[in-house]
Amino acid sequence: MAMAVYIDGASRGNPGKSGAGIVLLNASSPAGKNAAVPVISLREYLGIATNNEAEYMALIIALRYLKGAVNIDGNLPLEIAFFSDSQLLVRQMNGAYSVKSANILPLYKKSKKLLGDIKADSAKFTHIPRELNKEADKLANLAIDEATHK
């Protein structure tokens, strides 16, 4: 099974009111090699956080969902492709950048632990432009709007 996971965190104020948006797609759809079938969209209000913290919290929410889904599906081979417009998160998760921020380090460690718990056959993080992450961005902002009644 191949999953494509689009994640985004939004913060209004940095730090400010923040939200997470996640779109999971089944990339191993029988509809064709380049077709991806939506599985689920998630959004969550995060409270006050920086943009980088919100990006990591979006990843953690996605990983928690995947952990539960993988446990249900059993021992299927799993390949996960994560897509984010956060260059920092992508480079840190891929090991190109070290994590120096005291606020980010616990989120990074939690992300790595959850990723290990999933036991995916492969997990790849790819940086994408914001234009290609519109749905996750929309969900992150909708979470903020709903929580703040805007």
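Above this text sits the structure in question.
Notes on the structure follow.

**Looking at the nonpolar core**
In terms of nonpolar packing, the biggest core is built from 31 residues, with Val5, Ile22, Leu59 and Phe82 touching the most fellow members. Contributing elements (two or more residues each) for this core: strand 1 (2–12), strand 2 (16–26), strand 3 (37–49), helix 1 (51–73), strand 4 (79–84), helix 2 (87–93) and helix 3 (105–118). Top element by residues in this core is helix 1. It accounts for nine residues. Every residue in contact with phenylalanine 82, bar those within four places of it in the chain, is listed here: Val5, Leu59, Leu63, Leu66, Leu115, Ala123, Lys124, Phe125 and Thr126. Residues Leu25, Ile128, Ala136 and Leu139 belong to the second largest nonpolar core, which totals seven residues.

**What to know about the packing of aromatic side chains**
The geometry of an aromatic ring pair comes down to the distance between the two centres and the angle between the two planes. Counted under the stated rule, the structure contains two aromatic pairs. Each ring, one from phenylalanine 82 and one from phenylalanine 125, has its centre 4.5 Å from the other, and the planes form 10 degrees; the classification is stacked. A residue pair is termed long-range when its members are at least 10 positions apart, and phenylalanine 82 in strand 4 and phenylalanine 125 in strand 5 (residues 122–127) qualify at 43 residues. The pair formed by phenylalanine 82 and phenylalanine 125 is uniform in burial state, with each residue classed as buried.

**Some points on helix 3**
The first and last C-alpha atoms of helix 3 sit 20 Å apart over 14 residues, in line with the 20 Å expected at 1.5 Å per residue. Considered for burial, the residues of helix 3 that qualify are Leu107, Tyr108, Ser111, Leu114, Leu115 and Ile118. The arc that holds every buried residue of helix 3, seen down its axis, measures 130 degrees, which confines them to one face. Two residues or fewer after helix 3 comes lysine 119, characterised by a positive phi angle close to 60 degrees.

**As for the pairing of strand 2**
In terms of burial, strand 2 is a largely internal element, nine of the eleven residues being buried. Sheet analysis places strand 1 next to strand 2, joined by ten bridges and oriented antiparallel. What sits directly across from alanine 10, in strand 2, is glycine 19. Where strand 1 folds back onto strand 2 in an antiparallel hairpin, the turn is made up of three residues, including glycine 13, whose phi is positive at roughly 130 degrees.

**Quick look at helix 4 (residues 134–148)**
Helix length check: helix 4, at 15 residues, gives a terminal C-alpha distance of 21 Å against a target of 21 Å (1.5 Å per residue), a fit within 8%. Phi turns positive one or two residues past the end of helix 4, at histidine 149, with a value near 55 degrees.

**Overview of the pattern of salt bridges**
Opposite charge on two side chains allows them to pair when their charged atoms are near. For the structure on display, the rule yields five salt bridges. The partner of glutamate 146 in a salt bridge is arginine 43, and the shortest N-O contact between them spans 2.9 Å. A residue pair is termed long-range when its members are at least 10 positions apart, and glutamate 146 in helix 4 and arginine 43 in strand 3 qualify at 103 residues. Of the residues examined, glutamate 146 reaches a relative accessible area of 40% and is grouped as partly exposed. Overlapping salt bridges, with partners in common, bring together Lys67, Lys113 and Asp117 in one network.

Basis of the calculations
Residues numbered from 1 in each chain as written. Predicted model: local features only at pLDDT ≥ 70, side-chain atom pairs only at ≥ 80, totals over all residues. Heavy atoms only, no water. Core = buried A, V, L, I, M, F, W, Y, C linked by side-chain atoms within 4.5 Å. Buried < 20%, exposed > 50% of the residue type's maximum accessible area, 1.4 Å probe, protein only. Helix = DSSP H or I, 4+ residues; strand = E, 2+ residues; numbered from the N terminus. Contact = heavy atoms within 4.5 Å. Phe/Tyr/Trp six-rings, centres within 6.5 Å; stacked < 30°, edge-to-face > 60°. Expected span 1.5 Å × (residues − 1). Arc of directions from axis to C-beta. Pairing = 2+ DSSP bridges. Salt bridge = Lys/Arg side-chain N within 4 Å of Asp/Glu carboxyl O.

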